[in-house]
Amino acid sequence: MKQQPEDDLVASKSPAGIRAMFHAIAPTYDFLNRLLSLGIDQRWRRRLARLTIGADTRRVLDVCSGTGDLALALADRARSAGVAAAVFACDFTPSMMSRGRDKFAASPHAHSLPGTLVADTMRLPFPAGAFDAVTVAFGIRNVADYQTGLREMARVCRDGGRIVVLEFSRPRNRLFGAVYSFYFNRLLPRIGHAITGTRAYRYLPKSVARFPEGPEFAAAVAAATGGPVEIIPLTGGIATIYIGRKASG
Ligand SMILES: C[S@@+](CC[C@H](N)C(=O)[O-])C[C@H]1O[C@@H](n2cnc3c(N)ncnc32)[C@H](O)[C@@H]1O
């Protein structure tokens, strides 16, 4: 599959280009996540899982699920909370999703991870109101039309259910922001290129810089769900969790 220059891809988010990029980095995706975040990414997913799984959660859908780490964290949280929730996962890059499927099969939570599907977040193959919660981690930014993606997530969520998004954001503190910016914009793309031989880790900071965050992104979630949205900054604001409640009717 042909790689698109990252500036074009940030501007177009062309599905073929996004899929080709994730296909190219699928073999090293988990390793680089752990290395480049020093494992903090998994802490964020666990936090999202704690905020998502409630006593009445029976069916959760994780979209743009990639190699399935958030779906696994959700299943793990359900087990430790004593909740019988089934976690479904979908992604439109088959090589990412197949890695997730292998991880689910090997996990002690295999029974609560009944299904993975290759599917586009802008056209989810589920009926309206099928899930108690719909989640996405570091995925919605890559969807060609993120508002359509959010509307689809809200459509398949039941009234009163939750749409929960984890996405990168920019730190507020100026000193921390300057140090982080050097790392995220200069170092990370070089390390990513050295290991993957691709430009995916140049695309990452550029796509974050152009994506809405904070109240602006929360407004997009609210437009999709018709309900209130909570904003939870993580690790000095380098990532944020948005929790939207789907309004009735
Ligand atoms: C950065 S990865 C995130 C994977 C995973 N959620 C995680 O926490 O590691 C983004 C994923 O979004 C998927 N993706 C992007 N646009 C998509 C779309 N329109 N429909 C489904 N998946 C999409 C990509 O294939 C990729 O696996």
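Structural notes, computed from the coordinates. (Residues numbered from 1 in each chain as written. Predicted model: local features only at pLDDT ≥ 70, side-chain atom pairs only at ≥ 80, totals over all residues. Heavy atoms only, no water.)

1. Thoughts on helix α5 (residues 69-81)
Next up, step 1: With 13 residues, α5 should reach 18 Å at 1.5 Å per residue; the first-to-last C-alpha distance of 18 Å fits that figure.
Next up, step 2: Burial in α5 covers these residues: Asp-69, Leu-70, Ala-71, Leu-72, Ala-73, Leu-74, Ala-75 and Ala-78.
Next up, step 3: Structurally, α5 contributes buried residues whose contacts are with α3 (29-37), α4 (40-52), β1 (59-63), β2 (86-91), α6 (94-106) and β4 (131-137).
Next up, step 4: Looking one or two residues past α5, Gly-82 carries a phi angle of roughly 70°, positive in sign. (Helix = DSSP H or I, 4+ residues; strand = E, 2+ residues; numbered from the N terminus. Expected span 1.5 Å × (residues − 1). Buried < 20%, exposed > 50% of the residue type's maximum accessible area, 1.4 Å probe, protein only. Contact = heavy atoms within 4.5 Å.)

2. Notes on a nonpolar patch on the surface
Next up, step 1: On the surface, Phe-31, Leu-35, Phe-182, Leu-187, Ile-191 and Ile-195 cluster together to form a nonpolar patch covering roughly 520 Å² of accessible area.
Next up, step 2: Secondary-structure elements contributing two or more residues to the nonpolar patch are α3 and α8 (174-196).
Next up, step 3: With four residues, α8 is the single largest residue contributor to the nonpolar patch. (Patch = residues over 30% accessible without salt bridge, like charges linked within 9 Å, V, L, I, M, F, W, Y side chains within 5 Å. Areas by Shrake-Rupley, 256 points an atom, 1.4 Å probe, with all protein chains shown as cover. Salt bridge = Lys/Arg side-chain N within 4 Å of Asp/Glu carboxyl O.)

3. Observations concerning the side chain of Ser-107
Next up, step 1: Along the chain, the position of Ser-107 falls in the loop between α6 and β3 (115-118).
Next up, step 2: Only 2.7 Å separates the side chain of Ser-107 from the backbone nitrogen of His-109, close enough to count as a polar contact.
Next up, step 3: Residues within four places of Ser-107 in sequence aside, it is in contact with Leu-72 and Leu-113. (Polar contact = N/O pair within 3.5 Å; in protein donor to acceptor, adjacent residues only side chain to side chain.)

4. Description of the pairing of β2
Next up, step 1: Counting buried positions along β2 gives six out of six residues, so the element sits mostly inside the fold.
Next up, step 2: Burial along β2 is two-sided: the face carrying Ala-86, Phe-88 and Cys-90 and the face carrying Val-87, Ala-89 and Asp-91 are both buried.
Next up, step 3: Bridge count between β1 and β2: four bridges; the pairing is parallel. Bridged to Val-60 within β2 is Val-87.
Next up, step 4: Crossover handedness for the path β1 to α5 to β2: right-handed.
Next up, step 5: Of the pairings in the sheet, the one linking β2 to β3 comprises four bridges and is parallel in character. Directly across from Asp-91, in β3, lies its bridge partner Val-118.
Next up, step 6: In the classification by handedness, the crossover that spans β2, the intervening α6 and the parallel β3 is right-handed. (Pairing = 2+ DSSP bridges. Right-handed = clockwise from strand over helix to strand, strands pointing away.)

Don't take any of this as a statement about function, it's just geometry.
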